[in-house]
Each structure stands twice: as C-alpha cells, then as structure tokens.
Amino acid sequence: MLERPRRNRRSAALRNLTRESSVSAANLIQPLFVVDGRNQRQAIESMPGMERLSIDQLLVDVEKLLQLGVSAAALFPRIEEERKDARGSESLRVDGLYPRAIRALKEAYPQLCLFSDVALDPYSSDGHDGLLSADGRILNDETLPLLAEMALVQAQAGADFVSPSDMMDGRVAFIRKALDNQGYTETGILAYTAKYASAFYGPFRNALESAPRSGDKKTYQMDPANRREALREARLDASEGADILMVKPGLPYLDVIRALAESSDLPIAAYNVSGEYAMLRAAGERGWLNYRAAAMETLQCLRRAGADMILTYHAAEAAAWLREEPY
C-alpha cells in the first residue's frame, strides 16, 4: 500500500490540526533598548526597525506590546561613554538610567514580565563582561560580587527575572544567595547558560556601543564547536538555582536547544539574536526572500527544537502577524 502523508497537508485546517509545534505571542519576549533623555527614538542602523528609546517612549512601545499579547520584555541600556569606568560603577547606581527604566515599566505595567540584564559590558570602559586585570585577563571571582550587587539593584527596582549574561563561573549561585539574603526570594534567574562566542552579536553591540575595547570574549563565552559543554553548563546553572536556561544564539544552535530541552526539567529559552534578525531584514529589503515568512519559519524552528520561550526582535511584528494567520 502506498503511504500518502500528503493527505494531512491538503488544507490549511488540516495543517493546523496536525502541526507538531506552534508559535504564539505568549512564547515571545521582546528585547528593548533604553537611552537617557526624553522623547528619544534613535534608529539602530544595523537593526532596521529597532530603536533606542527614552523611558517615556519605552512606555509607549510596551503598551503596544501588551495590546498585541506580548507580555514579556528584556531590557538593555545604552550608557553614555562618560559614565563608563573599569568597574562598571554606573550599574550599581540605584538612581541610574537602568533602574529608573525598570521602575517606570513595572509601575506603569505591573502585568509585564520584565527580564533585566546582569553583565558589566554596557557599563564598562573595557567593554567586557567581567573585570579586567592589568595584563588583560578576565577576573572571574573578583567580578562575582559586582554581578550580585547589580542583580540586587535590578531586583529592588522591580525586575521579575535577573538574567546573568556574563558567563562567569559560579555567578548564578552567587546571585541567588545575594537575592535570598536580601529577601528577594521571588525574583527569578534566567541564566545565559550556553552563550557562545558568536559572530552574530555585532548589531547588538552597535546598539549598546558595548564592544570590547581589546581582545575578545572567547575565554568566557563558549566555543561554537561544543555541544556537550552546554550540558555541563546547564547542569551547573540548574544546581546553582537558575529558574530558566537559555541558549544564545538561536538558529545556529538548534541542536543545543534540543539537547538542553531533552536533558533538563527547567524551561528553555532561546535568544534569536541581532545578527539573525539583521540578516533577514537585509535580505527582505533587497527582495531576496519573504521577510515575514522567513521570520515566522525561524520562530517555528526554535519552538520545534524545544524552546519554551524566545527572545526575538521579531516579537511585536510576529504577534501582529499571528492575529492574521496561525503558525
């Protein structure tokens, strides 16, 4: 007997019924960029459609997100150069731009699930995620107290999850202990568990002006050649108190997402990063591919691989498209 799998594909209704994985606005987290000032909407050249927003404009965009059904956002600050120093001191200032933005968002929209970023690079004059020694080494253990204090500032401002993106060893345990000791037992930790030393971060670093001033991040971010190492990182982060494990980037690391989804009972996040977004935008603008179709296929593939949630710059527009057509 000839088997005919095509029978289950012959109409949109059937394809919807037999679809093994799906995308909804509830799966999406919108990354947002905040800058100081008022009435600021600064276009990011390398990320068409994305902007750096002052707090007043951030509130406008988050209201639109919520109306579209996207109830989660990840916030990243663009810090003025004169406020940066070797220790990232600005990250600890309770009245700084970033805590003020968190407070404003949570006061205006308490229903928003807000993920904050814990790393030194936006605030550091060196552009690295950890403290730098005189001979150019990243000082892991010396960085941990700064990360913990930064996480506390963000938790006090109202972040629902603090998200260590630095890849310092032991930072999840250090942050969890600091949060618990100060009574922030309900503040979650989304760990950048498998964050690779990737070439796909360029547009994001342009947006924050946070690229390393010297060297690279290969001694602390993961080698793109490795998969088993991600399982080790996941085991450590889970044992140290992480609530969500994340793989970054997304599309080039679908096998890693699948491996973590199959080996961990924690929720898995994927970061569909700036370079992935910029590639689709550029190709779409040139008519080389259907941008909308490619973006939705990307999100479907990340979900199929095992991502429970996706940080993606497509979030707002994808939520709008989902109102017209299921994926």
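These notes cover the structure that comes with them. Values in this document were obtained by computation on a predicted structure and should not be read as measured data. (Residues numbered from 1 in each chain as written. Predicted model: local features only at pLDDT ≥ 70, side-chain atom pairs only at ≥ 80, totals over all residues. Heavy atoms only, no water.)

**A word on the nonpolar core**
Next up, step 1: One finds Phe 33, Leu 75 and Tyr 271 to be the most contacted residues of the largest nonpolar core, which totals 105 residues.
Next up, step 2: Ranked by residues supplied to this core, first place goes to helix 4 (residues 140–157) with nine residues.
Next up, step 3: Filtering out sequence-adjacent residues up to four positions away, Phe 33 remains in contact with Ile 44, Met 47, Met 50, Glu 51, Arg 52, Leu 53, Leu 58, Phe 76, Phe 204, Ala 207, Leu 208 and Tyr 313. (Core = buried A, V, L, I, M, F, W, Y, C linked by side-chain atoms within 4.5 Å. Buried < 20%, exposed > 50% of the residue type's maximum accessible area, 1.4 Å probe, protein only. Helix = DSSP H or I, 4+ residues; strand = E, 2+ residues; numbered from the N terminus. Contact = heavy atoms within 4.5 Å.)

**A look at the pattern of salt bridges**
Next up, step 1: In total, this model carries 20 salt bridges according to the counting rule given.
Next up, step 2: Among the salt bridges present, the one from Asp 135 reaches Arg 137, with a minimum N-O distance of 3.2 Å.
Next up, step 3: The network of salt bridges with common partners includes Arg 83, Glu 90, Arg 93 and Asp 95. (Salt bridge = Lys/Arg side-chain N within 4 Å of Asp/Glu carboxyl O.)

**Considerations on helix 7 (residues 228–240)**
Next up, step 1: Given a rise of 1.5 Å per residue, 13 residues ought to cover 18 Å, and the 19 Å separating the end C-alpha atoms of helix 7 matches this to within 8%.
Next up, step 2: Packed against the buried residues of helix 7 are helix 5 (171–181), strand 9 (188–195), strand 10 (244–248) and helix 8 (254–263).
Next up, step 3: A positive phi of about 115 degrees marks Gly 241, the residue just after helix 7. (Expected span 1.5 Å × (residues − 1).)

**What about the packing of helix 7 against helix 8?**
Next up, step 1: The N-to-C vectors of helix 7 and helix 8 enclose an angle of 40 degrees; their axes lie 10 Å apart at closest approach. Between helix 7 and helix 8, the interaxial angle falls into the category oblique. Where helix 7 crosses over helix 8, the handedness of that crossing is right-handed. Contacts between helix 7 and helix 8 involve Ala 230, Leu 231 and Ala 234 from the former and Val 256, Ala 259, Leu 260 and Ser 263 from the latter. (Axes fitted to C-alpha atoms, helices over the stretch in contact; angles between N-to-C directions. Parallel < 35°, antiparallel > 145°, perpendicular 65-115°, else oblique. Left-handed = near helix turned anticlockwise from the far one by under 90°.)

**Quick notes on the pairing of strand 9**
Next up, step 1: Taking burial as the measure, the eight residues of strand 9 include eight buried ones, the bulk of the element.
Next up, step 2: Viewed along the sheet, the connection from strand 8 (residues 161–164) through helix 5 into strand 9 turns out right-handed.
Next up, step 3: Where strand 9 meets strand 10, five bridges bridge the pair, whose relative direction is parallel. Of the residues in strand 10, the one forming a bridge with Tyr 192 is Met 246. (Right-handed = clockwise from strand over helix to strand, strands pointing away. Pairing = 2+ DSSP bridges.)

**Let's talk about the packing of aromatic side chains**
Next up, step 1: Applying the stated criterion to the full structure yields 11 aromatic pairs.
Next up, step 2: Ring centres 5.7 Å apart and planes at 55 degrees place the aromatic pair Phe 33 and Phe 204 in the tilted group. In this pair, Phe 33 is assigned in strand 1 (residues 28–34) and Phe 204 in helix 6 (residues 202–208), connecting sequence segments 171 residues apart.
Next up, step 3: On the basis of relative accessible area, Phe 204 is assigned to the buried category, the value being 10%.
Next up, step 4: Ring centres of Tyr 277 and Tyr 313 lie 5.7 Å apart, and the angle between their planes is 55 degrees; this geometry places the pair in the tilted category. You can see Tyr 277 sitting in helix 9 (residues 274–285) and its partner Tyr 313 sitting in the loop between strand 12 (309–312) and helix 11 (315–322), a full 36 residues away along the chain.
Next up, step 5: Exposure remark for Tyr 277: the relative accessible area of 1% places this residue in the buried category.
Next up, step 6: Taken together, Phe 33, Phe 76, Tyr 192, Phe 204, Tyr 271, Tyr 277 and Tyr 313 form an aromatic cluster joined through their ring pairs.
Next up, step 7: A cation over an aromatic ring shows up here: Lys 248 above the ring of Phe 204, its NZ or CZ 5.3 Å from the ring centre.
Next up, step 8: Arg 286 extends its terminal NZ or CZ atom over the ring of Trp 288, reaching a point 5.8 Å from the ring centre. (Phe/Tyr/Trp six-rings, centres within 6.5 Å; stacked < 30°, edge-to-face > 60°. Lys NZ or Arg CZ within 6 Å of the ring centre and 35° of its normal.)

**Quick notes on the side chain of Asn 27**
Next up, step 1: Here Asn 27 shows up in the loop between helix 1 (12–18) and strand 1.
Next up, step 2: Residue classification places Asn 27 among the buried residues on the basis of a relative accessible area of 11%.
Next up, step 3: Polar contacts involving the side chain of Asn 27 include one to the side chain of Arg 303, which spans 3.4 Å.
Next up, step 4: Residues within four places of Asn 27 in sequence aside, it is in contact with Ser 22, Arg 303, Asp 308, Met 309 and Ile 310. (Polar contact = N/O pair within 3.5 Å; in protein donor to acceptor, adjacent residues only side chain to side chain.)

**With respect to the environment of Lys 64**
Next up, step 1: Examined against the element boundaries, Lys 64 turns out to sit in helix 2 (residues 55–68).
Next up, step 2: A residue is classified by how much of its surface remains accessible, and Lys 64, at 48% relative accessible area, is partly exposed.
Next up, step 3: Linking Lys 64 and Ala 316, residues 252 residues apart in sequence, is a C-alpha distance of 8.3 Å.

**As for helix 10 (residues 291–305)**
Next up, step 1: Taking 1.5 Å as the rise per residue, helix 10 with 15 residues should run 21 Å; its terminal C-alpha atoms sit 21 Å apart, in good agreement.
Next up, step 2: For helix 10, every residue scored as buried is listed here: Tyr 291, Ala 294, Ala 295, Met 296, Thr 298, Leu 299, Cys 301, Leu 302 and Ala 305.
Next up, step 3: Elements in contact with the buried residues of helix 10: strand 1, helix 8, strand 11 (268–272), helix 9, strand 12 and helix 11.
Next up, step 4: For helix 10, the capping residue at the N-terminal end is Asn 290, with a side-chain oxygen 3.2 Å from the backbone nitrogen of Arg 292.

**What to know about unusual backbone geometry**
Next up, step 1: Cis rather than trans, the peptide bond between Lys 248 and Pro 249 has omega equal to -5 degrees.
Next up, step 2: Considering the arrangement of structural elements, one finds Pro 249 in the loop between strand 10 and helix 8.
Next up, step 3: For Asn 39, which is not a glycine, the phi torsion comes out positive at approximately 55 degrees.
Next up, step 4: On the secondary structure map, Asn 39 appears in the loop between strand 1 and strand 2 (41–43).
Next up, step 5: Look at Met 167: it is not a glycine, yet its phi comes out positive at around 70 degrees.
Next up, step 6: Positionally, Met 167 belongs in the loop between strand 8 and helix 5.

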